[in-house]
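# Summary of the model geometry
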Amino acid sequence: MRIGILALQGAVEPHKKKLLASGIEAVEVRNSQDLLGLSGIILPGGESTTMILLLKINSLWEPLKDFVREKPAWGACAGVILLAKSVISPSQQSLDVMNIVVKRNAYGRQNESFMAPIEPTRNWIGAEKLEGIFIRAPKITEMSDTTNVLFRFKEDPVMVEEGHLIATTFHPELTDSDRIHNYFIGKCKKYG
């Protein structure tokens, strides 16, 4: 199985290490040809406005949009912003594929980054808490009835899924746990 990681900007290497440790071929995606033959793609954390600019410069915006409409995609932090139907504070363009509204930098600036336990909901496959690392994290402020919440921080949804798409406002790639990566790999096997 081959899973892509959008590699124009952001936290590519930590995701790559997790995929390789699980026996998955990790493909760094920089152009539309790199999407061929992938079972899914990770849109990593980073700076969403820079990612959007680079996607357009590299003629990857429309091919990526088409890909994530059909194949599994996981948006982590900035990747959540890319997947969202709507982005606020400030508003910006998105791929408009997941029925969520996202508020940028809702948990504070870079120097207000934090780690905290996140709680699974009944929709998750276990009862263990996970460690969430929040770095200039967005907040999911609205979602549709078709969106399932998998984890919460306090009352806020911090991991959601909708069909073949998942979004985490925190950074699982920076923790020792591989549970979220394995969950996404399972989604790629199912939908990819």
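For the structure itself, look to the data block above.
Summarised in this report is the structure supplied together with it.

Each value, and the rule that gives it
Residues numbered from 1 in each chain as written. Predicted model: local features only at pLDDT ≥ 70, side-chain atom pairs only at ≥ 80, totals over all residues. Heavy atoms only, no water. Buried < 20%, exposed > 50% of the residue type's maximum accessible area, 1.4 Å probe, protein only. Helix = DSSP H or I, 4+ residues; strand = E, 2+ residues; numbered from the N terminus. Pairing = 2+ DSSP bridges. Right-handed = clockwise from strand over helix to strand, strands pointing away.

Here we take up the pairing of strand 4 (residues 73-76). In strand 4, alternate side chains face the same way, and those of Ala73 and Gly75 on one face and Trp74 and Ala76 on the other are all buried. Relative to strand 4, strand 3 (residues 40-43) is paired through 3 bridges, and the arrangement is parallel. By the bridge assignment, Leu43 is partnered in strand 4 with Gly75. When strand 4 meets strand 12 (residues 165-168), the two strands line up parallel, connected through 4 bridges. Opposite Ala76, over in strand 12, you have Thr168 as the bridge partner.

The subject of this paragraph is the pairing of strand 1 (residues 2-6). Taken across its 5 residues, strand 1 has 4 buried, putting it largely inside the fold. Where strand 1 meets strand 2 (residues 25-29), 5 bridges bridge the pair, whose relative direction is parallel. Residue pairing for strand 2: Leu6 is matched across the bridge by Val29. Since strand 1 and strand 2 lie parallel, the crossover through helix 1 (residues 12-21) that links them has a hand, and here it is right-handed. By the bridge criterion, 3 bridges tie strand 1 to strand 3 in an arrangement that is parallel. Note that in strand 3 the partner of Ile3 across the bridge is Gly40.

Function cannot be inferred from these measures alone, as they are strictly geometric.
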